[in-house]
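Chain by chain, the residues run as shown.
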Amino acid sequence: MEAEIIAVGTEITLGQIVNSNGRLLADQLRQLGIESHWQVTIDDDPNRIDQAIQQAWSRTELIFVCGGLGPTDDDRTLQATADALKIGLKVDEEQWQAIQKDFQRRQIPMVPDNKRQAYYLAGGEPLANPVGLAVGSFWQGRGHTVVVLPGPPREFKAMVTESLLPKLKALTGKPIMSRNMHFVGCSESELMDRIQEYLTTKEVVVTSYVQPNEVQVRLTVHGEARTEANRLLDQVEHDIVQTVGQHYFGTGNNISLVREVVTLLKAKHLHITAAESLTGGLFQATICSVPGASNVFNGGLVTYAAAVKEKLLGVPTDTIDKFGVVSAETAEAMAIHSKQLLNADIGVGFTGVAGPDSLEGQPAGTVWIGIAYPDHVESFELHLSKQLGRQNIRMQSVQRALLLIYHGLK
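Predicted model only: the values in this text are computed from it and were never measured.

A. Inspection of the overall build of the protein at higher detail. Helices and strands together make up the secondary structure of the protein, namely 14 helices and 17 strands. Along the three orthogonal principal directions, the C-alpha set of the protein runs to about 80 × 60 × 40 Å. Residue pairs in contact within the protein that sit at least 24 positions apart in sequence constitute 67% of those at least 6 positions apart. A total of about 19,300 Å² of accessible surface is found on the protein, and carbon and sulfur atoms cover 49% of it. Where the 36 positive side-chain charges of the protein centre and where its 46 negative ones centre are 3 Å apart.

B. Seen up close, the pattern of salt bridges. For the coordinates displayed, the defined rule picks out twelve salt bridges. The partner of Glu4 in a salt bridge is Arg59, with the nearest N and O atoms 2.8 Å apart. With a gap of 55 residues between them, Glu4 in strand β1 (residues 2-8) and Arg59 in helix α3 (residues 46-59) connect regions that are remote in the sequence. A residue is classified by how much of its surface remains accessible, and Glu4, at 0% relative accessible area, is buried. A salt bridge links Arg30 to Asp27, with the nearest nitrogen and oxygen atoms 2.4 Å apart. Of the two residues, Arg30 and Asp27 are both situated in helix α2 (residues 20-31); the distance of three residues between them amounts to about one turn of the helix. When its relative accessible area of 15% is taken as the criterion, Asp27 is described as buried. Each of Asp27, Arg30 and Arg218 takes part in one network of salt bridges that share partners.

C. Inspection of the pairing of strand β15 (residues 346-352) at higher detail. The buried fraction of β15 is high, at seven of seven residues. The alternating pattern of β15 places Ile346, Val348, Phe350 and Gly352 and Gly347, Gly349 and Thr351 on opposite faces, both of which are buried. Here strand β13 (residues 272-276) runs beside β15; their pairing, made up of five bridges, is parallel. When the bridges of β15 are listed, Thr273 appears paired with Gly347. Pairing analysis gives six bridges linking β15 to strand β16 (residues 366-372), with the strands arranged antiparallel. When the bridges of β16 are listed, Phe350 appears paired with Ile369.

D. Broad picture of the UniProt feature "domain: MoaB/Mog" (unreviewed entry) in the protein. Mapped onto the present numbering, the UniProt feature "domain: MoaB/Mog" (unreviewed entry) falls at residues 4-171. Strand forms 23% of residues 4-171 and helix 43%; the C-alpha atoms that close the span are 16 Å apart.

E. Structural context of the sheet that holds β16. The five strands lie next to each other as β14-β13-β15-β16-β17, forming an open sheet whose pairing is mixed. Looking at strand neighbours, the two that pair on one side only are β14 (301-302) and β17 (377-383), the edges of this open sheet.

F. Examining the packing of aromatic side chains more closely. Tallied over the entire structure, the rule returns three aromatic pairs. When the ring of Trp57 is compared with that of Trp139, the centres are 6.4 Å apart and the planes differ by 40 degrees; the resulting orientation is tilted. Within this pair, whereas Trp57 is found in helix α3, its partner Trp139 is found in strand β7 (residues 136-141), the two being separated by 82 residues in sequence. Geometry around Phe103 places Arg106 over its ring, the cationic atom sitting 5.1 Å from the centre. Directly above the ring of Phe138 sits Lys167, whose terminal nitrogen or CZ lies 5.4 Å from the centroid.

G. Representation of the nonpolar core. Among the nonpolar cores identified, the biggest contains 37 residues, and Phe283, Ile346, Val348 and Ile405 are the most heavily contacted of them. Mapped onto this core, the elements with two or more residues apiece are α9 (257-267), β13, α10 (282-288), β15, β16 and α14 (390-409). Residue contributions to this core peak at eight residues, all from α14. In contact with Val348, other than residues within four places in its own chain, are Ile272, Thr273, Ala274, Ala275, Phe283, Ala335, Ser338, Ile369, Gly370, Ile371 and Ile405.

H. A look at the packing of α2 against helix α6 (residues 153-172). At a closest axis distance of 11 Å, the pairing of α2 and α6 adopts a crossing angle of 20 degrees. With respect to α6, the element α2 is oriented roughly parallel. Crossing of α2 over α6 shows right-handed handedness. Contact with α2, carried on its side by Ser20, Asn21, Leu24, Leu25, Gln28 and Leu29, involves Pro153, Phe156, Lys157, Val160, Leu164, Leu165 and Leu168 of α6 and no other residues of that element. A class-by-class count of the residues in the contact of α2 with α6 yields nine nonpolar, three polar and one charged.

Cut-off values and rules
- Residues numbered from 1 in each chain as written.
- Predicted model: local features only at pLDDT ≥ 70, side-chain atom pairs only at ≥ 80, totals over all residues.
- Heavy atoms only, no water.
- Helix = DSSP H or I, 4+ residues; strand = E, 2+ residues; numbered from the N terminus.
- Contact = heavy atoms within 4.5 Å.
- Areas by Shrake-Rupley, 256 points an atom, 1.4 Å probe, with all protein chains shown as cover.
- Lys, Arg positive; Asp, Glu negative; His and termini not counted.
- Charge placed at Lys NZ, Arg CZ, Asp CG, Glu CD.
- Salt bridge = Lys/Arg side-chain N within 4 Å of Asp/Glu carboxyl O.
- Buried < 20%, exposed > 50% of the residue type's maximum accessible area, 1.4 Å probe, protein only.
- Pairing = 2+ DSSP bridges.
- UniProt positions renumbered as here; feature names shortened; annotations may be inferred.
- Phe/Tyr/Trp six-rings, centres within 6.5 Å; stacked < 30°, edge-to-face > 60°.
- Lys NZ or Arg CZ within 6 Å of the ring centre and 35° of its normal.
- Core = buried A, V, L, I, M, F, W, Y, C linked by side-chain atoms within 4.5 Å.
- Axes fitted to C-alpha atoms, helices over the stretch in contact; angles between N-to-C directions.
- Parallel < 35°, antiparallel > 145°, perpendicular 65-115°, else oblique.
- Left-handed = near helix turned anticlockwise from the far one by under 90°.
- Nonpolar A, V, L, I, M, F, W, Y, C, P; charged D, E, K, R; others polar.

This is the structure in structure tokens:
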């Protein structure tokens, strides 16, 4: 089966935003054995939307039209799609009631155009929007399937995952099973080279893609019964963990490293804290991004200057004078003293050079992480590329610390 993805949005054609929705949808289609040979980007002009749909109709049986389902004047996708198909629109009464209740709850006045978000293609089915107000459409007729989806990435992803994929799986009629494995601290190329070297099961397709804070590896089995597919997936997952397990932190569709760490801390009834220099509070903010983080985190410190490390944390002046700010000894001292000051079970210390300039003769990307557990202290040195830039060095330092804590707790 072949598909075409039409991304609608003047902000995309002007280069103001990146079309991340197209990549996500194409990847999901690939896992279902659906090839998206064409991806088209057009502005919000109804005539061009009509032309794009007519062109897609002539060369493929599955058409996705993405973006432009809001209540404003430039949201013209749904009506243009209906015009191209020569059909009408219908109101999803249940969604219309939900929209009205949402405005009442937020005490925001409605305008007549808000009702447009409850419309879908007549003769088709509305696609539920789990996190937004605009419904999608799933229409079939004359040998074609047309799907209309919203543009905001958060809504798009939720609708694709929860509302669209079950229908597409039924459409393909092929049993497909997959798993997502998650890795930190290793480049995509290095990770895949090591995996492919030890991979012995050809029935499992192994692919990868880079996310902002991790590399995901997807295992997929096509056309096998559930029991056999699970056996194959179990075998390959085991082989991969045996090969690159030091970078692995879990398998699943909706997991993140920080959530895994917070979950482990909760299960073990442990509290964590941190003293941060180069990361400037990013580690603590990342912990606090997880609901329920207050069960494992009471507070921490940002101690950027050497004098503040000494005064607030109590890091001995002799330690900094002898070993320098960017050192294992200082990172460990920061971890130990933060743990004591906050009465936590685990303390983490970050010190290093985010760049662009060097510090104490150390190049940008040099990072020391100290971790004080209840019964011992460890320190780890990272040599990150200066080319990553200041913010990415800070982000990767946080992720590597979380990975170290994850394995330490496991």
